[in-house]
Amino acid sequence: MIEPLVDVERDFPIFNRTINGHRLVWLDSAATSQKPEAVVQAVDRFYRESNANVLRSVHTLADEATTAFARAREKVARFIGADQAEEVIFTRGTTESLNLVARSFGDMFVKEGNEIVLSPMEHHSNLIPWQQLARRTGALLKYVDLTEDGRITAEGLQQVIGPQTRVVALSKISNVLGAINPVEIAAEMVHRVGGVLVVDGAQSVPHQPTNVKDLGADFLAFSGHKMCGPTGIGALWGRMEWLEKMEPVIFGGEMISYVDRDTATWAEVPEKFEGGTPNIAGAIGLGAAVDYLEQVGMERISQHSQALGERAFEVLADIPGVSVYGPQRPHGAAVAFNIEGVHPHDVAQVFDAQAVAIRAGHHCAQPLMQWLGVGSTARASVYLYNGDADIDRLREAILETKRFFRR
Ligand code: 7TS
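Residues numbered from 1 in each chain as written. Predicted model: local features only at pLDDT ≥ 70, side-chain atom pairs only at ≥ 80, totals over all residues. Heavy atoms only, no water.

A. Local environment of the site of the ligand. Lining the immediate surroundings of the ligand are 15 residues, of which Thr95, Asp200, Ser223, Arg359 and Arg379 lie closest. A distance of 3.4 Å separates a nitrogen atom of the ligand from a polar atom in the side chain of His123. Contact with the protein chains removes 87% of the 490 Å² of surface that the ligand exposes when unbound. Counted by class, the shell around the ligand contains three nonpolar, eight polar and four charged residues. Both domains that furnish three or more residues to the shell around the ligand are identified here as domain 1 (8–31 + 297–406) and domain 2 (40–295). (Near = heavy atom within 4 Å. Polar contact = N/O pair within 3.5 Å; in protein donor to acceptor, adjacent residues only side chain to side chain. Areas by Shrake-Rupley, 256 points an atom, 1.4 Å probe, with all protein chains shown as cover. Nonpolar A, V, L, I, M, F, W, Y, C, P; charged D, E, K, R; others polar. Domains from an automatic or database assignment.)

B. Structural detail: the sheet that holds strand E5 (residues 115–118). Spatially, E4-E10-E9-E8-E7-E5-E6 is the arrangement adopted by the seven strands of the open sheet, whose pairing is mixed. In this open sheet, the two strands that pair with only one neighbour each are strand E4 (88–91) and strand E6 (140–143). Along the sheet, successive strands turn relative to each other by an average axial angle of 20°, direction set aside. Taken together, the four bridges between E4 and strand E10 (residues 234–238) define a ladder with antiparallel strand orientation. Bridging across to E10, Val88 finds its partner in Trp237. (Pairing = 2+ DSSP bridges. Helix = DSSP H or I, 4+ residues; strand = E, 2+ residues; numbered from the N terminus. Axes fitted to C-alpha atoms, helices over the stretch in contact; angles between N-to-C directions.)

C. Expanded view of the packing of helix H4 (residues 94–109) against helix H5 (residues 128–137). At a minimum axis distance of 9 Å, the contact between H4 and H5 shows a crossing angle of 20°. By the angle between their directions, the pair H4 and H5 is classed as roughly parallel. Considering only the axes of H4 and H5, their crossing is right-handed. Across from Leu98, Asn99, Val101, Ala102, Arg103, Gly106 and Asp107 in H4, the residues of H5 making contact are Pro129, Trp130, Leu133 and Arg136. Class assignment of the residues belonging to the contact of H4 with H5 gives a composition of six nonpolar, two polar and three charged. (Parallel < 35°, antiparallel > 145°, perpendicular 65-115°, else oblique. Left-handed = near helix turned anticlockwise from the far one by under 90°. Contact = heavy atoms within 4.5 Å.)

D. Region of the structure containing the pairing of strand E7 (residues 165–171). In terms of burial, E7 is a largely internal element, six of the seven residues being buried. Relative to E7, E5 runs parallel, the two being bridged by three bridges. When the sheet's bridge partners are listed, Ile116 is paired in E7 with Val167. As defined by bridge partners, E7 adjoins strand E8 (residues 196–200) across five bridges and the pair is classed as parallel. Residue Val168 lies in a different strand from E8, and its bridge partner there is Leu197. The parallel pair E7 and E8, bridged by helix H7 (residues 183–192), forms a crossover whose chirality is right-handed. (Buried < 20%, exposed > 50% of the residue type's maximum accessible area, 1.4 Å probe, protein only. Right-handed = clockwise from strand over helix to strand, strands pointing away.)

E. Broad picture of the pattern of salt bridges. All chains considered together, the criterion is met by 20 salt bridges. The salt bridge involving Arg48 is made with Asp44; its shortest N-O contact spans 2.6 Å. Separated by four residues within a single helix, Arg48 and Asp44 lie in helix H2 (residues 37–50), roughly one turn from each other. Exposure remark for Asp44: the relative accessible area of 34% places this residue in the partly exposed category. When the shortest N-O distance is used, the salt bridge between Arg192 and Glu188 registers 3.8 Å. (Salt bridge = Lys/Arg side-chain N within 4 Å of Asp/Glu carboxyl O.)

Purely geometric numbers; function is a separate question.
Now the structure itself:
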């Protein structure tokens, strides 16, 4: 039996409600995770007790807010194995982080004729910023071939990484296929030719222990809301040697050193990249989420997500008329599937009547849908509050859907 890793009703207020008369089964954590009481309270407490802007004023509340904001950055840095807290830039999330790298690093260091290596399983937020960079610079996009079951291999990477490669941008874990990608191998290859590795950690940072040095990444992007934190906060980690060289992309308050009528100079990293009032409460909430995940233990979460993802894969693959996508093992927390003859949106709707929340659609990965040869899929995704009982409910929901559409 795989049990949830936490006391679900005590830690997560949302699981105390029912939907359509049933206990909620949240199988949509790849879209966003539910929030523990500790995170809700940290945000609430900030607004009730310490609300002030950061880095600006000298009064007591400003000092408290600034200290709490700085502590949140330190927690996030430690959580991903960064050498210095300053290497963590707070952003709105993965999308903004990846746009920042493509705009800033990309416009400075990627030239006409250079190559940007991607995979067909990337989320649109790790595709379109690179497409746009290619259009601005005349660089070329190259895609690594996937194996039949949707894996990236060293051989595949070898074929596309070459002397012109400046950027390799890959997700560590796919939000659709549940594939766990060998980005560490890509790091070695791209560094040999003088390029950088950008890792989209949106689905991996919530589920695995992360150490940016072990990944070999130059940049790592992730979102707070998929790891028990609030929405609207995330981070870009980058190697300081790059961040120091890079130009900001948002100009305004708090990102400058000196301004006169015609010119301006920039503040140090990370403030240089954080123009404007940041999401202070969000950052503090993300710090609380990091504390919560560390209390449970990232190693345990990793084993749990993978075991439950693989269990879901097996259970679904066993049901006649159900196709499951991606590698069987190892398989991450997201499992995409289709029921023969039923549109994924109809699947999700029948599921909702039973309070089983899944996502249906292209999952912001249309090139992957094209690769799979489908228009869309249903997707169940698990996290630390799910267990076998939820997979049973998933199975029942599929059987019910099949009965419903046979009628
Ligand atoms: N990269 C990956 C791999 C993702 O799964 C997502 C969000 C993003 C980037 C973008 O993250 P954001 O926080 O900036 O939006 N993925 C999903 C999903 O699978 N369903 O909804 C959002």
